[in-house]
Amino acid sequence: SYLRQYNKQLLPDQLQILTSKAESSNPLYLQAAVEELRIVSRHEDVPGIIDNLPQTVVEMFAFILERVEGQLTQRFGKISRNLFAEFMINLATGRGGMNEEDIRLLLSDWQKVKELGAEQVRLPDFHWGELRRSMRAYLFQRGEQWDFFHQQLKQAVGNRYLAGQQERYEAHKTIADYLELMEYEHLTTVKDLPHHLVKIEDWGRVEKTLCDLLFVE
């Protein structure tokens, strides 16, 4: 019925192939699969897409990440693919997602925010809109906070972009350095800076932060 809203419908043999996938009994798998089929523009491409759909939910989200990367690269070049990867990394590394303003600054030249101001530094609306739209079916916004709808997507992001210890270290360190630059007037710094410093085991900065009277106040 969902596909019918878009004047699309699976044939019986196509439905049989889809429901033969290993985790097709999982509603989340079917939701993601149907969403992938919804965006197929040519009906003759549907059988090939169904054949190539992965077997599990986590693999499905990995498939989606690769597809989005490819589409952004095709439309806007390598810079958009890199922005998308960093967007996913920040959401996965943040503590309970991440504030929109923090995301947009981290995706830009955030080291200059004190010199130029956030308005001049943050990621432009056009790029931010494209990133949001690329994954709109799988993200949710709570106030100014963005996060993944599903833990399996976060797992797929981790597998793709944060598989190594060095990648995880760099992700947490970048956020910690950014929050430290923003200082304690920035609410996210107070809430999340110790978390990221602990993740990179920078005990000297943990002690300095927790013993700073401005932080405690």
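Our structure is the block above this text.
Below is a summary of the structure that appears in this document. Model, not experiment: these values are computed from the prediction.

Calculation notes
Residues numbered from 1 in each chain as written. Predicted model: local features only at pLDDT ≥ 70, side-chain atom pairs only at ≥ 80, totals over all residues. Heavy atoms only, no water. Axes fitted to C-alpha atoms, helices over the stretch in contact; angles between N-to-C directions. Helix = DSSP H or I, 4+ residues; strand = E, 2+ residues; numbered from the N terminus. Parallel < 35°, antiparallel > 145°, perpendicular 65-115°, else oblique. Left-handed = near helix turned anticlockwise from the far one by under 90°. Contact = heavy atoms within 4.5 Å. Nonpolar A, V, L, I, M, F, W, Y, C, P; charged D, E, K, R; others polar. Salt bridge = Lys/Arg side-chain N within 4 Å of Asp/Glu carboxyl O. Phe/Tyr/Trp six-rings, centres within 6.5 Å; stacked < 30°, edge-to-face > 60°. Buried < 20%, exposed > 50% of the residue type's maximum accessible area, 1.4 Å probe, protein only. Expected span 1.5 Å × (residues − 1). Arc of directions from axis to C-beta. Core = buried A, V, L, I, M, F, W, Y, C linked by side-chain atoms within 4.5 Å. Pairing = 2+ DSSP bridges.

1. Side note on the packing of helix 2 (residues 27-38) against helix 4 (residues 57-76)
- Relative orientation of the contacting elements helix 2 and helix 4 amounts to 25°, with a least axis distance of 9 Å. As summarised for this structure, helix 2 and helix 4 are arranged roughly parallel, according to the angle between their axes. For the crossing formed where helix 2 meets helix 4, the hand is left-handed. In contact with L28, Y29, A32, A33 and E36 of helix 2, helix 4 contributes V57, M60, F61, F63, I64 and R67.
- Here the residues of the contact of helix 2 with helix 4 are counted per class, giving 9 nonpolar, no polar and 2 charged.

2. Considerations on the pattern of salt bridges
- The final tally for this structure, using the stated rule, is 16 salt bridges.
- The salt bridge partner of E35 is R38, with a shortest N-O separation of 2.7 Å. In this pair, E35 and R38 both sit in helix 2, 3 residues apart, roughly one turn of the helix.
- In this structure, D177 and R205 form a salt bridge, with 2.9 Å as the shortest nitrogen-oxygen distance. With D177 in helix 11 (residues 165-182) and R205 in helix 13 (residues 203-210), this pair connects stretches of sequence that are 28 residues apart.
- Shared partners join several salt bridges into a network, and the residues in it are K173, D177, E180, D202 and R205.

3. Some points on the side chain of H196
- Tracing the chain through its elements places H196 in helix 12 (residues 187-199).
- In contact with H196, other than residues within four places in its own chain, are T93, G94, R95, H172, I175, A176 and L179.

4. Considerations on the packing of aromatic side chains
- Taken as a whole, this structure holds 6 aromatic pairs when the rule is applied.
- Relative to Y138, the ring of F61 has its centre 5.4 Å away and its plane inclined at 85°; by these criteria the two rings are edge-to-face. A residue pair is termed long-range when its members are at least 10 positions apart, and F61 in helix 4 and Y138 in the loop between helix 9 (125-134) and strand 2 (139-142) qualify at 77 residues. Neither residue differs from the other here; F61 and Y138 are each classed as buried.
- Both rings, one in F140 and one in F149, keep their centres 5.3 Å apart while their planes meet at 40°; by these two values the pair is tilted.
- Taking the relative accessible area as the measure of exposure, F149 reaches 47% and is therefore partly exposed.
- Three or more aromatic residues joined by ring pairs make a cluster, and in this case those are F87, W128 and W146.

5. Examining helix 11
- Taking 1.5 Å of rise per residue, 18 residues should cover 26 Å, and helix 11 covers 26 Å from first to last C-alpha, within 8% of that figure.
- Among all positions in helix 11, only A171, H172, I175, A176, Y178, L179 and M182 are buried. Seen end-on, helix 11 carries its buried residues on one side only, within an arc spanning 165°.
- Against the buried residues of helix 11 lie helix 5 (78-93), strand 1 (98-99), helix 6 (100-106), helix 7 (113-116), helix 12 and helix 13.
- Backbone geometry just downstream of helix 11 places E183 in the positive-phi region, at approximately 65°.

6. Focus: the nonpolar core
- Counting residues in hydrophobic clusters, the biggest one holds 60 residues, and the most contacted among them are L65, F84, F87, M88, L91, M135 and Y161.
- Other than its neighbours up to four places away in sequence, F84 contacts L65, V68, E69, L72, L131, S134, M135 and Y161.

7. Let's talk about the sheet that holds strand 1
- Read across the sheet, 3 strands follow the order 1-3-2 without closing on themselves; strand pairing throughout is antiparallel. A single partner strand is all that each edge strand has here, and the edge strands are strand 1 and strand 2.
- Looking at chain direction, strand 2 and strand 3 (residues 145-148) are connected through 4 bridges and run antiparallel. Residue L139 lies in a different strand from strand 3, and its bridge partner there is F148.

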